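Residue-level listing of the chains:
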Amino acid sequence: MLLDTLGCVISAKCTETGQMVSQLGAALGAGFFADGTDFLGRSYEIGRLGNLMDLEEGYAYCHFGAVAVASGMTMARWQRLSGKELLSALVVGYELAGQIALGIGPEFKVTEGRANGRLDVWGITAPPVFAAVGAAARALNLSAEQTTQAYGIAASNMPIPIGGKWTTEVDLPNTKYGDMGWCALTGVFGAVSAMRGSTAVTSILGGENGLIRIVQGGDNNSQRFLAHLGSRWHLRSIWYKRWTCCGWIQYPLAALERLMTKHSIGADDVSEVVVEIASGATVKRFTDTQPQSFISLQFSIPHAISMLLMNVPAGPEWLSAELAQARAVKTMRERVRVEGYAIPQAYSYADPFADTDATQGVPSAVRVTTTKGTFREESDYIWADNHHPKNRIDDSHIQAKFRGLVGADHADRLVALVADIERVDDASVLVDAFYAAMANSR
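**What to know about the layout of surface pockets**
Empty space among the atoms becomes visible once a probe the size of a water molecule is rolled across them. Counted as a void, the largest pocket has a volume near 740 Å³. The wall of the largest pocket is formed by 24 residues, among which Met1, Leu2, Leu87, Tyr240 and Asp395 lie closest to the centre. Counting only elements with at least two residues in the lining of the largest pocket, the list comes to α1 (2–12), α5 (83–104), α17 (395–405) and α18 (408–419). Among the residues making up the lining of the largest pocket, the classes are represented as 16 nonpolar, 2 polar and 6 charged. Forming the walls of the second largest pocket are 18 residues, and the residues nearest its centre are Leu96, Gln99, Tyr151, Phe225 and Leu229. Among the elements that line the lining of the second largest pocket, the one with the most residues is α5, at 6 residues. Taken together, the residues of the lining of the second largest pocket sort by class into 10 nonpolar, 6 polar and 2 charged.

**Some words on the environment of leucine 323**
Mapping leucine 323 onto the fold places it in helix α15 (residues 321–324). Taking relative accessible area as the criterion, leucine 323 reaches 22% and is therefore assigned partly exposed. Residues leucine 323 and valine 312, 11 residues apart in the sequence, show an inter-C-alpha distance of 9.9 Å. In contact with leucine 323, not counting residues within four places along its chain, are Met307, Val312, Glu317 and Val329.

**Considerations on empty space enclosed by the protein**
In this structure the tally under the stated criterion is 3 cavities of 30 Å³ or more. In this model, the largest cavity occupies a volume close to 240 Å³. For the lining of the largest cavity, the elements supplying multiple residues, two or more each, are α11 (247–263) and α12 (284–287). Its residues placed into classes, the lining of the largest cavity shows 11 nonpolar, 3 polar and 4 charged. Taken as a whole, the second largest cavity spans an internal volume of roughly 110 Å³.

**Side note on helix α9 (residues 180–196)**
The terminal C-alpha atoms of α9, which comprises 17 residues, lie 24 Å apart, in line with the 24 Å expected from a rise of 1.5 Å per residue. Within α9, 13 of the 17 residues are buried, which leaves it mostly tucked inside the rest of the structure.

**Brief notes about α5**
An α-helical turn contains 3.6 residues, so any two residues separated by three or four positions project in the same direction. Along its 22 residues, α5 runs 32 Å from first to last C-alpha, staying within 8% of the 32 Å computed at 1.5 Å per residue. Across the 22 residues of α5, 16 count as buried, placing the element largely inside the fold. Just downstream of α5, glycine 105 is the residue with a positive phi angle, here 90°.

**Observations concerning the packing of aromatic side chains**
Applying the stated rule across the entire model yields 12 aromatic pairs. Seen in terms of ring centroids, phenylalanine 64 and tyrosine 94 are 4.6 Å apart; in terms of plane orientation they differ by 55°. Their pairing is tilted. Residue phenylalanine 64 is found in the loop between α3 (39–52) and α4 (65–79), and its partner tyrosine 94 is found in helix α5; the two are separated by 30 residues along the sequence. Overall, the relative accessible area of 1% leaves phenylalanine 64 in the buried class. One Lys or Arg, arginine 42, reaches over the ring of tyrosine 435 and ends 3.8 Å from the middle of that ring.

**Regarding the packing of α1 against α18**
Where α1 meets α18, the axes come as close as 10 Å, and the angle between the chain directions of the two elements is 155°. In terms of orientation, α1 and α18 fall into the roughly antiparallel class. Here α1 and α18 pass one another in a crossing that is right-handed. Between α1 and α18, the residues in contact are Leu2, Leu3, Leu6 and Ile10 and Leu414, Val415 and Val418, respectively. Among the residues forming the contact of α1 with α18, the class breakdown is 7 nonpolar, no polar and no charged.

Cut-offs applied
Residues numbered from 1 in each chain as written. Predicted model: local features only at pLDDT ≥ 70, side-chain atom pairs only at ≥ 80, totals over all residues. Heavy atoms only, no water. 1 Å grid on protein atoms, 1.4 Å probe; cavity = no way out; pocket = protein on both sides within 12 Å on 5 of 7 lines; lining within 4 Å. Points joined across faces, edges and corners; volume = space filled by probe spheres on them. Helix = DSSP H or I, 4+ residues; strand = E, 2+ residues; numbered from the N terminus. Nonpolar A, V, L, I, M, F, W, Y, C, P; charged D, E, K, R; others polar. Buried < 20%, exposed > 50% of the residue type's maximum accessible area, 1.4 Å probe, protein only. Contact = heavy atoms within 4.5 Å. Expected span 1.5 Å × (residues − 1). Phe/Tyr/Trp six-rings, centres within 6.5 Å; stacked < 30°, edge-to-face > 60°. Lys NZ or Arg CZ within 6 Å of the ring centre and 35° of its normal. Axes fitted to C-alpha atoms, helices over the stretch in contact; angles between N-to-C directions. Parallel < 35°, antiparallel > 145°, perpendicular 65-115°, else oblique. Left-handed = near helix turned anticlockwise from the far one by under 90°.

Have a look at this one:
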């Protein structure tokens, strides 16, 4: 997860929006203090860049790995943590966020594992805020009392849940469904504030008026936070992305890739592509054939289908404004149509009270009409869905993805450092190598 996130951050830095994010981080102090006290600006920069291209990990239908890494890396540089201490901070941050995510639940009303319409109030900024505050509290070695205060401060200042409003937008803003940089900054500042003596409402996680009621308009069950606490490890159920787009779109892309391989299909062969997907992905932002903004490209099924058919490498080029406006790309997108997937279970979500993690997914199908005939393929798993026995991956897969995103010299150095991180006495060597790679991102 650490290596994958670093690759997402470094490659996002070279995008047009990435440059703006780094400037905002610099306004908060990023890059100016050799002693590591630029942690607020750096945490903002890393957290937002990691999520900027929608290429990072996912769990429970949201993302918080980039924010845990932002918090852990900046604290490691400031506090001169060892590699083991950095890993401990990342584990605490990710596990806390996973517990919060399953506690809050999805943005859908769910009945017997099936989606039944979106909630009026939902958002995905709470888990990343807790990823940041959890990692920072561990890195700072806060006491139990200070940690409780840190959680309260971070929760009291987290971004509001804008999902219900955001989902109606078509030309999506570059802050997405929530600014992950601000989530990182909120969590880190909460931990540092508690260390310095600030206090907050420490009971904010529990009770009928607690966090769930505040951020979600559905089931208010604070006991979800405690389900299998300490026995279910969320890090083991991460799914990783192969392509530069929303996780829901990874499923039809997986089906399309198999069709392309089986039948030697290229872009010039295709006259029509029909994507069958769960109803939650049939809203305008997913079906838009001519997306206009940097983020809209990440949520357009027609654009993602076109990029794969045209063999565009995953990464910044998928989101290039110039490429997106090319005549060939615009024409290809017009050949893609999105339909609802007519199967009994077109959406699933893990029950936080279940004994084991259930499969989470958005089963899809793709039908391609070509000069060679019409072909159809279904997909109920993606490239690196660790819930699915067919698709578990190992370090070599993530290293290959990383090397596709980062220049060779920096990639070799960072892969070696991450692989050996448990034996590193001062994790600053990793952080500094990472910052150097960011500075040289092209």
